[in-house]
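A structural walkthrough
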Amino acid sequence: MASTSPASPIDFPALAGQLADLAAAHSLRTFRTALEVDLKADASPVTIADRAAEAAMRARLEAEVPMHGILGEEHGRVRIDAEHVWVLDPIDGTKSFITGSPLWGTLIALVHGGRVELGLIDMPVLGERWIGQAGRGARCNERVVHASGCTMLAQARIVTTSPDAFAADEWAAYDALSKACAMRRFGGDCYGYAQLAGGHVDLVAECQLQPYDYMALVGVVEGAGGVITDWRGRALHIGSNGRVLAAATPALHAQALALLAGVPDVAA
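Criteria and thresholds
Residues numbered from 1 in each chain as written. Predicted model: local features only at pLDDT ≥ 70, side-chain atom pairs only at ≥ 80, totals over all residues. Heavy atoms only, no water. Axes fitted to C-alpha atoms, helices over the stretch in contact; angles between N-to-C directions. Helix = DSSP H or I, 4+ residues; strand = E, 2+ residues; numbered from the N terminus. Parallel < 35°, antiparallel > 145°, perpendicular 65-115°, else oblique. Left-handed = near helix turned anticlockwise from the far one by under 90°. Contact = heavy atoms within 4.5 Å. Core = buried A, V, L, I, M, F, W, Y, C linked by side-chain atoms within 4.5 Å. Buried < 20%, exposed > 50% of the residue type's maximum accessible area, 1.4 Å probe, protein only. Salt bridge = Lys/Arg side-chain N within 4 Å of Asp/Glu carboxyl O. Pairing = 2+ DSSP bridges. pLDDT = per-residue confidence, 0-100.

As for the packing of helix α1 (residues 12-30) against helix α2 (residues 48-64)
Where α1 contacts α2, the two axes come as close as 8 Å, and the packing angle between them is 155 degrees. When the axes of α1 and α2 are compared, the pair comes out roughly antiparallel. The hand of the α1/α2 crossing is right-handed. Together, L15, Q18, L19, L22, A23, H26, S27 and T30 of α1 and A49, A52, A53, A56, M57, R60, L61 and E64 of α2 make up the contact between the two elements.

Structure, rendered in structure tokens:
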């Protein structure tokens, strides 16, 4: 068991990397194979790969940091009031996974005192691992990455996963925002935020996300110098309402917020 004494501090980035390796070992084994797909209570799909990958990560955390909390998509929450909480999504983009698309990933966040201390986006098929830490920057496979310097909507490239995720008023606002941009693209799940951290796109706006969908993204986007909040500009936390806006710069973020401001707020 790892010690938490000052003499032997835990290497959290290394531990997050080990968790990602464990998840990938399970998910890659079944990717593009004949999988039985179940539907959860909210009608979202889940496979044995999702469940096995998260179980492996949780087992490692229980062995290494048993005092930490865990919030996972597939196996619930334990010790959620702990000072440190790990937020896990074993396969973000299960629909991509079951349709053979490589644009699914594993999301891992370490939350300390309610704030994201570390975020990791692992893209096993692409061989890309994106990690960001508060005040320490962001990297992809050890290469330092930065969000673009885009400050104008008219020059921005915006992405979202699917129009199907928006309610009617949300879609109207997103449609107006995206049409004010230079380019809009659909698809990618968590990879859109990695693209933003790498300077390849400038905006991401989404709805109906859960904490395990967005907490890891905070570490990566902010580490790369970007801005990520809800649609009212509020910092994201485990109890946020699921609307997420990420931007390359504060100026671009402010312009996007202004076009989303007409959508009635929703409770967390």
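Considerations on the nonpolar core
Ranked by internal contacts, the top residues of the largest apolar core, which has 38 residues, are V87, I121, W130, Y193, L217 and I228. Listing elements by their share of this core, those giving two or more residues are β5 (84-92), β6 (105-112), β7 (115-123), β9 (137-140), α5 (191-197), α6 (211-223) and β15 (244-247). Ranked by the residues each element gives to this core, the list is headed by α6, at 8 residues. In contact with V87, not counting residues within four places along its chain, are L71, L107, I108, A109, V111, P211, Y212, M215 and I238. Listed in part, the 20 residues of the second largest apolar core include F166, C207, L245 and L257.

Focus: the pattern of salt bridges
One pass over the full model with this rule turns up 11 salt bridges. Residue R58 is joined to E54 by a salt bridge in which the shortest nitrogen-to-oxygen separation is 2.9 Å. Highlighted residues: R58 and E54, both in helix α2, separated by 4 residues, approximately one helical turn. Here the two residues R58 and E54 agree in accessibility, since each one is buried. With a shortest N-O distance of 3.4 Å, E142 and R139 are connected by a salt bridge. Residues joined by salt bridges that share partners form a network here, namely D21, D122 and R129.

A word on the sheet that holds strand β14 (residues 227-229)
Sheets are built from strands paired through backbone hydrogen bonds, the pairs being either parallel or antiparallel. Pairing is mixed across the open sheet formed by 5 strands, whose spatial order is β12-β11-β13-β15-β14. With partners counted over all chains shown, the strands left at the sheet margins are β12 (183-186) and β14, one partner each. Neighbour-to-neighbour, the strand axes of this sheet turn through a mean angle of 15 degrees, independent of strand direction. Note: β14 against β15, 3 bridges, orientation antiparallel. Residue I228 lies in a different strand from β15, and its bridge partner there is A246.

Some remarks on the environment of Q18
Structurally, Q18 is set in helix α1. Overall, Q18 belongs to the partly exposed group, its relative accessible area being 34%.

Digging into the side chain of H253
Considering the arrangement of structural elements, one finds H253 in helix α7 (residues 250-260). Leave out the neighbours within four places in its chain, and H253 touches V227, T229, G233, L245 and A247.

Some details on unusual backbone geometry
Although it is not a glycine, R79 sits at a positive phi angle of roughly 50 degrees. Relative to the assigned elements, R79 resides in the loop between β4 (76-78) and β5. For R79, a relative accessible area of 32% puts it in the partly exposed group. In the Ramachandran plot, N141 falls in the positive-phi region, its phi being about 50 degrees despite a non-glycine side chain. Within the fold, N141 resides in the loop between β9 and β10 (143-145).

Quick word on the sheet that holds β5
Judged by pairing direction, the sheet is mixed, and its 8 strands sit side by side in the order β4-β3-β5-β6-β7-β8-β9-β10 without closing on themselves. A strand with exactly one partner marks an edge of an open sheet, and here the two such strands are β4 and β10. Neighbour to neighbour, the strand axes of the sheet diverge by 15 degrees on average, direction disregarded. Direction of pairing for β6 relative to β7: antiparallel, over a ladder of 7 bridges. Note that in β7 the partner of L110 across the bridge is L118. Each of β5, β6, β7 and β8 (128-133) is contacted by α1, which is oriented at about 35 degrees to β7, the strand it contacts most. Running at roughly 155 degrees to β5, α2 makes contact with β3 (69-72), β4, β5 and β6 of the sheet.

What about the confidence of the model for the chain?
Across the chain, the average pLDDT comes to 93, with 95% of residues at or above 70. The low-confidence segment residues 1-7 (pLDDT under 50) makes 10 contacts with residues lying over four places distant or belonging to another chain.

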